[in-house]
Amino acid sequence: MLSCDICGETVTSEPDMKAHLLIVHMENEVICPFCKLSGVNYDEMCFHIETAHFEQNELERSFARINTIQIRTSDNRKDNTLQCRMEVNSSVHSACASNHPKISAQSLPNDGTLEHKTFYSENLTESRKFLKSKEKECDPSKIKGSIYETTYSSPECPFCGRIEDCSQDMENHVKTKHADLLDTPSEDRDQPLYDCPMCGLICTNYPILQEHVDLHLEESSFGHGIDRVQCSRDLELAHQLQQEEDRKRRSEESRQEMGEFQKLQRQYGLDNSGGYKQQQLRNMEIEVNRGRMHPSEFHRRKADMMESLAIGIDDGKTKTSGIIEALYRYYQNAATDVRRVWLSTGVDHFHSSFGDKGWGCGYRNFQMLLSSLLQNDAYDDCLKGMSIPCIPKIQSMIEDAWKEGFDPQGASQLNNRLQGTKAWIGACEVYTLLTSLRVKCHIVDFHKSTGPLGTHPRLFEWILNYYSSDREGSPKVMCTSKPPIYLQHQGHSRTVVGIEERKNRTLCLLIFDPGCPSREMQKLLKQDMEASNLKQLRKFVGNLKHKQYQIVAVEGVLSSEEKVETNFQIHVGCVK
């Protein structure tokens, strides 16, 4: 049986004594020997001393640095140094118990704790196996005279537990048997500790730090590998999503483009829904179904249309003649606010019918221009024996001009086909048709506004110069020999038949619009025509605000050689 020197408890074996001392007397309270820190366990205290008291702990790393207890006597005042090495080992305490008086709990310091004077940082990994020392105070009853009687225990190896008789023998034992566990040489002891840059762990030398950091790098490399795999998968998914989004976007854009294209085809009569004949019959059937046309009238008009299409001549049902003559009479007798007026040669007005409503303005304006040329003797040579053609005939004539080589670009845009369609025509097609008939003309482009608020005063000035070469000294009303002018803008075309110069020096165009029905135009033929009736003809500068205008002006007759020279090209003049 073994008895605890501190509390007197008996145990059966040395391992039990070691466990008793460690658990009951040492583990409950561990105090830093340098700064008196307490309240932590042994491992935490080891880490604290290694980091906070590295330099002080270095002084006690060898057996030459053992604890010293100074006992000063009251008689001779000499210092007696007691060197003792107390290991938490049951055999050592047994030796003390057999040779010396027992140390009771009353012999401990006032706070009831054990003060550790020696600490070895080498044993961090075996924190509870080697608890290094405890103080053992002498029993005052052993004092002889004024000098305390002191004893010491045999030193025990902190690495293998071997007990030697003296410190020198223990030092030799450690140096020979445990040299690899000793600290670095004294010349290297001043080197600083090494902190891990990744986790902050403190290492005692560089190789350990390097090995520790390598572990971090291996973990990081593995993590990065996983991240790269995940990133690759994310990129692949993102690429697939982007491709799907692009495919949907292209599909939607293609669908919208097709819708816009079909809309333009319908707008310009290229949707294969039939031409003049089909639209005429369809609209007359609608009128019959609505009760606005008698069935007999339907059949009569159908027969007239079929006859007109067969001979290629307009049936004249939309024509109004004699308007220029009526205007001349009106300006002679009235219009006191007009200073001068210039009128073209005689022109017949043609308006749209059931067959070309919504798309036939270009054809109707060509009929107006051609009606004026047919009344002008200067054009008998090139237009001899010609009548006003119907719209399907005009389409056929333009296709023939394309076949001769006129305006190949325009022919390509319209697929070289007009008959059987509701395709619009503009200034280029009118120019092509007139040139093929040896009528000399040219296109003038007013591609931008030349006045405030998007107006085109230069257009009015050009038309005024076209009709009048010398305005001074001319009569108030001037019937010129000039044909009317074909006027084109976006979505519509009209025919200019004259121009007014008013008392305030402003200009006003006189325009025939194919959208104006015959019943309105016939009001201009009355003897008592009023100024209000001219409202549908008059267009001031502020009334023409489209972005761009084109005009086709007739200048005379082309010879056969000139016709060949103008083939394959269109002469367009631009007004800046």
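As the structure is a computational prediction, the values presented were derived from the model and not from experiment.

Peer 1: Is there a simple way to think about the overall build of the protein chain in this case?
Peer 2: The helix and strand inventory of the protein chain stands at 17 helices and 17 strands. Of all 576 residues assigned to the protein chain, the portion counted as buried reaches 42%. Counted over contacts in the protein chain with a minimum sequence separation of 6, partners at least 24 positions apart contribute 66%. Accessible area of the protein chain: about 31,600 Å², with a carbon and sulfur share of 49%.

Peer 1: I tried to follow the nonpolar core on my own but got confused; where do I start?
Peer 2: Nonpolar side chains in soluble globular proteins generally cluster together in the buried interior. The biggest cluster of nonpolar side chains holds 61 residues, and the ones touching the most others in it are Leu327, Tyr331, Leu434, Val439 and Phe512. Per-element tally for this core: the top contributor is helix H10 (residues 361-374), with six residues. Of all hydrophobic cores here, the second largest spans 20 residues; its members include Leu459, Phe460, Leu487 and Ala553.

Peer 1: Would you explain the pattern of salt bridges in this entry?
Peer 2: Should the charged atoms of two oppositely charged side chains come close, the side chains can pair. Within this structure, the stated rule accounts for 22 salt bridges. Between Arg364 and Asp356 there is a salt bridge, with its nearest N and O atoms 2.8 Å apart. Asp356 shares its class with Arg364; the two are buried. The partner of Arg458 in a salt bridge is Glu461, and the shortest N-O contact between them spans 3.8 Å. Placement of the pair is Arg458 and Glu461 together in helix H15 (residues 457-467), with a separation of three residues, close to one helical turn.

Peer 1: Would you mind going over the side chain of Arg364 with me for this structure?
Peer 2: By secondary structure assignment, the location of Arg364 is in helix H10. Arg364 gets classed as buried once you look at its relative accessible area, which sits at 1%. Here Asp314 takes part through its side chain, which lies 3.4 Å from a polar atom of the side chain of Arg364. When near neighbours in sequence (up to four residues on either side) are disregarded, Arg364 contacts Tyr276, Asp314, Thr318, Phe350, His351, Ser352, Ser353, Asp356, Ile391 and Pro514.

Peer 1: What am I meant to see in the environment of Val288 here?
Peer 2: Relative to the elements of secondary structure, Val288 occurs in helix H7 (residues 276-289). C-alpha separation for the pair Val288 and Phe298, spaced ten residues apart in sequence, amounts to 7.3 Å. With sequence-adjacent residues up to four places away left out, Val288 is seen in contact with Met293, His294, Pro295 and Phe298.

Peer 1: I keep staring at a negative patch on the surface and nothing clicks. Help me out?
Peer 2: On the surface, Glu211, Asp214, Glu218 and Glu219 cluster together into a patch of negative charge. Assignment of secondary structure puts Asp214 in helix H6 (residues 206-267). When its relative accessible area of 36% is taken as the criterion, Asp214 is described as partly exposed.

Peer 1: Help me out: how do you make sense of the UniProt feature "domain: C2H2-type" (unreviewed entry) in the protein chain in this one?
Peer 2: Mapped onto the present numbering, the UniProt feature "domain: C2H2-type" (unreviewed entry) falls on residues 4-25 and 196-216. Counting secondary structure, residues 196-216 comes out at 52% helix and 10% strand; the distance between its end C-alpha atoms is 10 Å.

Peer 1: Would you mind showing me how to read the pairing of strand E13 (residues 492-502) here?
Peer 2: On a regular strand, each side chain points to the face opposite its neighbour's, so the side chains alternate between the two faces of the sheet. Burial of E13 is extensive: ten of the eleven residues sit out of reach of the surface. Across five bridges, strand E8 (residues 338-343) lies against E13 in antiparallel orientation. The residue of E13 that forms the bridge with Trp342 is Ile499. In this sheet, E13 lies alongside strand E12 (residues 485-489) in antiparallel orientation, the contact comprising five bridges. Note on E13: the bridge partner recorded for Ile485 is Val496. Bridging between E13 and strand E14 (residues 507-512) involves six bridges; their strand directions are antiparallel. When the bridges of E14 are listed, Glu500 appears paired with Cys508.

Peer 1: I tried to follow the packing of helix H12 (residues 391-403) against helix H14 (residues 427-436) on my own but got confused; where do I start?
Peer 2: Think of two packed helices as two axes; the pair is described by the angle between the axes and how far apart they sit. Where H12 contacts H14, the two axes come as close as 9 Å, and the packing angle between them is 75 degrees. The orientation of H12 relative to H14 falls into the category roughly perpendicular. Mapping the contact onto sequence places Ile394, Met397, Ile398, Ala401 and Trp402 in H12 and Glu429, Thr432, Leu433 and Ser436 in H14.

Peer 1: Teacher, can you tell me more about the packing of aromatic side chains here?
Peer 2: The description of an aromatic ring pair uses the distance of the two centres, along with the angle that the planes make with each other. In total, this model carries four aromatic pairs according to the counting rule given. Each residue in the set Trp462, Tyr466 and Tyr467 is aromatic and connected to the rest through ring pairs, giving one cluster. One Lys or Arg, Lys482, reaches over the ring of Tyr466 and ends 4.6 Å from the middle of that ring.

Peer 1: I keep staring at H12 and nothing clicks. Help me out?
Peer 2: Every α-helix winds through 3.6 residues per turn, so residues three or four apart in the chain are directed the same way. Taking 1.5 Å of rise per residue, 13 residues should cover 18 Å, and H12 covers 19 Å from first to last C-alpha, within 8% of that figure. Residues Ile391, Pro392, Ile394, Gln395, Ser396, Met397, Ile398, Glu399, Ala401 and Trp402 constitute the buried set of H12. Looking one or two places after H12, you find Gly405, whose phi comes out positive at around 110 degrees.

Peer 1: It is not clear to me how unusual backbone geometry should be interpreted in this structure. Could you clarify?
Peer 2: If a residue is not glycine, its phi is most likely negative; likewise, a peptide bond is most likely trans. You will see that Arg438, though not glycine, has its phi angle at about 70 degrees, which is positive. Inspection of the secondary structure assignment puts Arg438 in the loop between H14 and strand E10 (439-446). The phi angle at Arg505 is positive, at roughly 70 degrees, despite the residue not being glycine. Structurally, Arg505 can be placed in the loop between E13 and E14.

Rules and cut-offs
Residues numbered from 1 in each chain as written. Predicted model: local features only at pLDDT ≥ 70, side-chain atom pairs only at ≥ 80, totals over all residues. Heavy atoms only, no water. Helix = DSSP H or I, 4+ residues; strand = E, 2+ residues; numbered from the N terminus. Buried < 20%, exposed > 50% of the residue type's maximum accessible area, 1.4 Å probe, protein only. Contact = heavy atoms within 4.5 Å. Areas by Shrake-Rupley, 256 points an atom, 1.4 Å probe, with all protein chains shown as cover. Core = buried A, V, L, I, M, F, W, Y, C linked by side-chain atoms within 4.5 Å. Salt bridge = Lys/Arg side-chain N within 4 Å of Asp/Glu carboxyl O. Polar contact = N/O pair within 3.5 Å; in protein donor to acceptor, adjacent residues only side chain to side chain. Patch = residues over 30% accessible without salt bridge, like charges linked within 9 Å, V, L, I, M, F, W, Y side chains within 5 Å. Lys, Arg positive; Asp, Glu negative; His and termini not counted. Charge placed at Lys NZ, Arg CZ, Asp CG, Glu CD. UniProt positions renumbered as here; feature names shortened; annotations may be inferred. Pairing = 2+ DSSP bridges. Axes fitted to C-alpha atoms, helices over the stretch in contact; angles between N-to-C directions. Parallel < 35°, antiparallel > 145°, perpendicular 65-115°, else oblique. Phe/Tyr/Trp six-rings, centres within 6.5 Å; stacked < 30°, edge-to-face > 60°. Lys NZ or Arg CZ within 6 Å of the ring centre and 35° of its normal. Expected span 1.5 Å × (residues − 1).

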